[in-house]
Amino acid sequence: MYTLSEIRVRLFRMALAECVGTYLLVLFGTGSVASAAITGSAHGLWQVAVVWGFGVSLAIYATAGVSGAHLNPAVTCAMVLFGRMPTPEPLSPGSTATSNCGNTHDTPPGLATNEQGAARSGDPKKVSTGQVVMVYMAAQFAGAILAGASVLAVFGRAIYDFERTNNITRGDTGSARSALAFGQYMPNPAAGLSSSVVSPGGACGIEAFGTAILVFLIFSLTDERNPARPSPGMVPFFIGFTVAVLIAVFAPLTQAGWNPARDFGPRLVAYLAGWDAQAIPGPRHAFWVYLVGPLLGGPVGGLLYEALIRPGLPPQAPTSDDTTKGP
């Protein structure tokens, strides 16, 4: 039986891990966009997509053992809706938390759902699942804001030179060409497409669709009942690779966010740095697309996996010994 103060300490550590992991993810990702769009150092969408993907993988490797490395409010929403959200009981000696790089369907070692914890200890003073969700999301947005500020600090002079060279006045119409290093725009200003190619509603649908695919595959890659899943140590790589593929396909249309924190955190930095209405509310007042779309799509992806795939899996995934035995 743990005291409430011990549980709060554990929750703080989990939140710190979510903040650090989201910071790394957004730093690598938006940094790659700034490097490509502002300095011209990267050529081709796939180069940016690969850096994004590896950034996601590295962030998961760094933090999953503490918080599960959701690093995305849309992923957190899907996890809590399908009973995969832990509450922060202190870990027992020798155990580690699991999630994006391990099993997310069963309860991780040392972490219990609110109902399980209450049944075991009889202690009504639990940190509720809703509180954990709010702390996770706050930490994710904080990490994204810090990452956006870091990108501004590192690339600030290069962005200023880019704007001067291209006759861009920050905050005016057209300054999305430099603001894209922070928030996201549809269509991608670097793609040279007409604004008629995608509407705000269409972009919201694309963001929801891509996020649903991402969460669907996260659920699949981390389900212990899935005999085709990779080893836990390889799961972060495949999640990152999924993000890279989605960016390569959809980035010309929406810049492929799939993560409300990834967009709004740096976008807020851009607003404060002088992009004003070009950042928030953005052209066509469409900044909401990158909040609403992923938050709708994440749970849909989880639902599709739970309804279409998981019922058909074997009750227990075969072990390596089982697969080598003959009939």
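Not measured: the values here are computed from a predicted model.

What to know about the overall build of the chain
- Each helix and strand in the chain was counted, giving 11 helices and zero strands.
- Across the 327 residues that make up the chain, the buried fraction comes to 50%.
- A total accessible area of about 14000 Å² is found for the chain, and carbon and sulfur atoms account for 66% of it.

What about the side chain of Asp263?
- Looking at where Asp263 falls in the secondary structure, it is placed in helix α9 (residues 260-275).
- The exposure class of Asp263 is buried, given its relative accessible area of 0%.
- At a separation of 2.8 Å, a polar atom in the side chain of Asp263 contacts the main-chain amide nitrogen of Gln184.

Here's the deal with a nonpolar patch on the surface
- A cluster of nonpolar side chains, Phe28, Trp46, Val51, Phe54, Leu58, Tyr61, Met234, Phe237, Phe238, Phe241, Val245 and Val249, forms an exposed patch at the surface whose accessible area comes to about 1100 Å².
- The set of elements that each furnish at least two residues to the nonpolar patch consists of α2 (45-67) and α8 (235-254).
- Here Phe54 falls in the partly exposed class, since its relative accessible area comes to 46%.

Digging into the packing of helix α1 (residues 4-37) against α2
- Closest axis-to-axis distance for the α1/α2 pair is 9 Å, and the angle between their directions is 170 degrees. As judged from the angle between their axes, α1 and α2 are roughly antiparallel.
- The class makeup of the residues in the contact of α1 with α2 is 16 nonpolar, seven polar and three charged.

A closer look at the packing of aromatic side chains
- On inspection of all chains with the given rule, the structure shows 11 aromatic pairs.
- Here the aromatic rings of Phe141 and Phe264 are separated by 6.4 Å at their centres, their planes lie at 80 degrees, and the arrangement is edge-to-face. Highlighted residues: Phe141 in helix α5 (residues 129-165) and Phe264 in helix α9, separated in sequence by 123 residues.
- Judged by relative accessible area, Phe141 falls into the partly exposed class, the value being 23%.
- Ring geometry for Phe209 and Phe250: centres 6.0 Å apart, planes at 90 degrees, overall edge-to-face. A residue pair is termed long-range when its members are at least 10 positions apart, and Phe209 in helix α7 (residues 200-222) and Phe250 in helix α8 qualify at 41 residues.

Thoughts on the confidence of the model for the chain
- Of the residues in the chain, 85% have a pLDDT of 70 or more, and the chain-wide mean is 88.
- Note on residues 102-124: pLDDT is under 50 here. Beyond four places in sequence and across chains, it has 56 contacts.
- Note on residues 320-327: pLDDT under 50 across the span, and one contact to partners over four residues away in sequence or across chains.

So, the packing of α1 against α9
- Packing of α1 against α9 leaves a shortest axis separation of 10 Å and a crossing angle of 70 degrees. In terms of axis orientation, α1 runs roughly perpendicular to α9. Where α1 approaches α9, its residues Thr22, Val26 and Thr30 are matched on the opposing element by Ala261, Arg262 and Pro266.
- For the contact of α1 with α9, the per-class residue count stands at three nonpolar, two polar and one charged.

Let's talk about the nonpolar core
- One finds Phe182, Ile247 and Trp258 to be the most contacted residues of the largest nonpolar core, which totals 71 residues.
- It is α5 that provides the largest number of residues to this core, a total of 10 residues.
- If sequence neighbours within four positions are ignored, Phe182 has contacts with Thr30, Gly148, Val151, Leu152, Ile159, Arg262, Pro266, Arg267, Val269, Ala270 and Trp275.

Remarks on the side chain of Gln140
- Within the secondary structure layout, Gln140 lies in helix α5.
- Since its relative accessible area comes to 0%, Gln140 is described here as buried.
- Of note is the side chain of Gln140, whose polar atom sits 2.8 Å from the side chain of Glu18.
- Sequence-distant contacts of Gln140, that is, excluding residues within four places in its chain, are made with Glu18, Thr22, His70, Leu71, Asn72, Pro73, Thr76 and Ala261.

Quick look at unusual backbone geometry
- Omega for the peptide link from Met186 to Pro187 comes to -5 degrees, which places this bond in the cis form.
- Here Pro187 shows up in the loop between α6 (176-179) and α7.
- Along the chain, Ile280 connects to Pro281 via a cis peptide bond; the corresponding omega equals 10 degrees.
- Residue placement: Pro281 occurs in the loop between α9 and α10 (289-309).
- Unlike most non-glycine residues, Asp276 shows phi in positive territory, near 50 degrees.
- Residue placement: Asp276 occurs in the loop between α9 and α10.
- The exposure class of Asp276 is partly exposed, given its relative accessible area of 40%.
- Positive phi, normally seen in glycine, also occurs at Arg284, with a value near 60 degrees.
- Structurally, Arg284 can be placed in the loop between α9 and α10.

About the thresholds
- Residues numbered from 1 in each chain as written.
- Predicted model: local features only at pLDDT ≥ 70, side-chain atom pairs only at ≥ 80, totals over all residues.
- Heavy atoms only, no water.
- Helix = DSSP H or I, 4+ residues; strand = E, 2+ residues; numbered from the N terminus.
- Buried < 20%, exposed > 50% of the residue type's maximum accessible area, 1.4 Å probe, protein only.
- Areas by Shrake-Rupley, 256 points an atom, 1.4 Å probe, with all protein chains shown as cover.
- Polar contact = N/O pair within 3.5 Å; in protein donor to acceptor, adjacent residues only side chain to side chain.
- Patch = residues over 30% accessible without salt bridge, like charges linked within 9 Å, V, L, I, M, F, W, Y side chains within 5 Å.
- Salt bridge = Lys/Arg side-chain N within 4 Å of Asp/Glu carboxyl O.
- Axes fitted to C-alpha atoms, helices over the stretch in contact; angles between N-to-C directions.
- Parallel < 35°, antiparallel > 145°, perpendicular 65-115°, else oblique.
- Nonpolar A, V, L, I, M, F, W, Y, C, P; charged D, E, K, R; others polar.
- Phe/Tyr/Trp six-rings, centres within 6.5 Å; stacked < 30°, edge-to-face > 60°.
- pLDDT = per-residue confidence, 0-100.
- Contact = heavy atoms within 4.5 Å.
- Core = buried A, V, L, I, M, F, W, Y, C linked by side-chain atoms within 4.5 Å.

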